[in-house]
Amino acid sequence: MVKYKIGSFNMKNWTANVNSDARKDFEKIARIIVEEELDVVGLQEILSEGKGVKDFVSRELYGWDVCWDIPTESRNPDKMQETKDRRGEGYAYLWNKRKFKLLEDTKFGEPRIVSRSDVRCIDDSTFVRAPYYIRLQPLYGGFFELRFLNIHILSKGPNNNDKVIEKRIKEFEALIQCVYSVSQRRYGQNRVAYTVAMGDYNLNIFNPNVQTKDKKCVLTEIYSYQEGRRNIHIHTVQEQLTTLKQMEDGFANNFDHFTYSPELSGFVKVSFEAIDAVNKYCDGDFSYYDKHISDHLPIVMTIEI
């Protein structure tokens, strides 16, 4: 049995860091990754063609590799009108090269943005920023591969009105379909596949004991599919607060999640947590953390296979 720790982290507009006043604190970000013993990390809000992240890995994470890409914008006129994000926001993955290699099958193995054919319901359920799909093969521990979908769901719109929230939910439902379809594919060597989606969903998991700022932005935690006589469930998890409040200390929403299918994944054991990196790595300094790390906490999914 092998264990892996998968991280997801919205990095708040990670640029090439040309402005020293707003420069990311490479040392602290590296400490989070290394001291939390992460093996793979999916990053959101990566700008400048990933140059800042590539520089970070080359300087601070010996033995790690990185890939980056940017999704094409949605062709849905309604979504284009409401988002208008011209920053070139993309995704990145980091992985420990001592544990994984990028699959060598050039046709299917390279990281790529999920295409329209990966989503069964197209129209209003296509993404503004389609997920970033990667396949990693462990160097030790078994004949299987790990598949990841890195996602940042639509967030823009005036005051979280009902129309904007409805679009977020439709994108989330499209993500569920991606998890279902990607989980079942078999490529060249027919390896067993374990699939996990992760990222900033801009939707909360409702919990009466967790006070969130955006009360209407709520996702459905479990979706079900019928596959012959077998029921397939797609779970979305991680309900600790992860986004920083604006203009004050504290946390607002649990927008950062993982999504997977217990039946299709077949993990022996799974656990989830949000890392309170503000207190653990920045001595409770919310202002410093927001400026030099992120306005989100990293989340971690630990799996045993």
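Predicted, not measured: the structure shown is a model, and the values here were computed from it.

Before going further, it helps to examine the side chain of His296. With respect to the secondary-structure elements, His296 resides in the loop between helix 7 (286–292) and strand 14 (299–304). Within the structure, the side chain of His296 is placed 2.8 Å from the side chain of Asp256, a separation counted as a polar contact. Apart from residues no more than four positions distant in its own chain, His296 is found in contact with Phe9, Asn10, Asp200, Thr242, Thr243, Leu244, Asp256 and Tyr289.

Mapped onto the secondary structure, Asn202 falls in the loop between strand 9 (192–200) and strand 10 (222–227). When sequence neighbours within four positions are dropped, the list of residues in contact with Asn202 reads His152, Ile153, Leu154, Ser155, Arg168, Cys217 and Phe255.

Phe26, Ile29, Ala30, Ile32 and Ile33 are the residues of helix 1 (residues 26–35) that are buried. When helix 1 is viewed along its axis, its buried side chains cluster within an angular range of 155° and face the same direction. The exposed set on the far side of helix 1, more than 90 degrees from its buried face, consists of Glu27 and Val34. Glu37 sits one or two residues past helix 1 and shows a positive phi near 60°.

Confidence in the prediction for the chain averages 87 pLDDT; 85% of positions are at 70 or higher. Here residues 121–125 is modelled with pLDDT under 50, and outside its nearest four sequence neighbours on either side it reaches 11 contacts, counting other chains as well.

When you tally the buried positions in strand 1 (residues 3–14), you get 9 out of 12 residues, the bulk of the element. Pairing geometry for strand 1 and strand 14, over 6 bridges, is antiparallel. Paired with Tyr4 across the two strands is Ile303, which belongs to strand 14.

Further remarks concern the environment of Thr259. Locating Thr259 in the fold gives a position in strand 12 (residues 256–260). A relative accessible area of 0% places Thr259 in the buried class. Placed 62 residues apart in sequence, Thr259 and Ala197 show a C-alpha to C-alpha distance of 4.9 Å. Setting aside anything within four residues of it in sequence, one finds Thr259 in contact with Phe172, Leu175, Ile176, Val179, Thr195, Val196, Ala197, Tyr201, Ile234, His235 and Thr236. Among the polar contacts made by the side chain of Thr259, one reaches the side chain of Tyr201 at a distance of 2.8 Å. Within the structure, Thr259 has its side chain in polar contact with the side chain of Thr236 (distance 2.9 Å).

Each aromatic ring pair is characterised by the separation of its centres together with the angle its planes make. Under the counting rule described, the total for this entry stands at 15 aromatic pairs. On the numbers, 4.1 Å between centres and 15° between planes, the contact of Tyr180 with Tyr225 is stacked. Here Tyr180, found in helix 4 (residues 162–184), pairs with Tyr225, found in strand 10; they are 45 residues apart in sequence, far enough to count as distant. Judged by its relative accessible area of 7%, Tyr180 is buried. With centroids separated by 6.3 Å and ring planes inclined at 35°, the aromatic side chains of Phe258 and Phe272 adopt a geometry described as tilted. Of this pair, Phe258 sits in strand 12 while Phe272 sits in strand 13 (residues 269–274), and the two are 14 residues apart along the sequence. Taking relative accessible area as the criterion, Phe258 reaches 0% and is therefore assigned buried. Of the residues examined, Phe272 reaches a relative accessible area of 27% and is grouped as partly exposed. An aromatic cluster is defined as three or more aromatic residues linked by ring pairs; in this entry it consists of Phe144, Tyr194, Phe258, Tyr260, Phe267 and Phe272. Directly above the aromatic system of Phe26 lies the positively charged group of Arg23, at a separation of 5.0 Å from the ring centroid.

With that settled, the discussion passes to the pattern of salt bridges. Taken as a whole and assessed by the stated rule, the structure comprises 12 salt bridges. A salt bridge links Arg129 to Glu89, with the nearest nitrogen and oxygen atoms 3.7 Å apart. You can see Arg129 sitting in the loop between strand 6 (112–113) and strand 7 (132–138) and its partner Glu89 sitting in the loop between helix 3 (77–83) and strand 4 (90–96), a full 40 residues away along the chain. Comparing Arg129 with Glu89, the two get one shared label, buried. Note that Arg230 is salt-bridged to Glu227, the shortest N-O span being 2.7 Å. Note on Arg230: relative accessible area 37%, which makes it partly exposed. Note on Glu227: relative accessible area 25%, which makes it partly exposed.

Thresholds applied
Residues numbered from 1 in each chain as written. Predicted model: local features only at pLDDT ≥ 70, side-chain atom pairs only at ≥ 80, totals over all residues. Heavy atoms only, no water. Helix = DSSP H or I, 4+ residues; strand = E, 2+ residues; numbered from the N terminus. Polar contact = N/O pair within 3.5 Å; in protein donor to acceptor, adjacent residues only side chain to side chain. Contact = heavy atoms within 4.5 Å. Buried < 20%, exposed > 50% of the residue type's maximum accessible area, 1.4 Å probe, protein only. Arc of directions from axis to C-beta. pLDDT = per-residue confidence, 0-100. Pairing = 2+ DSSP bridges. Phe/Tyr/Trp six-rings, centres within 6.5 Å; stacked < 30°, edge-to-face > 60°. Lys NZ or Arg CZ within 6 Å of the ring centre and 35° of its normal. Salt bridge = Lys/Arg side-chain N within 4 Å of Asp/Glu carboxyl O.

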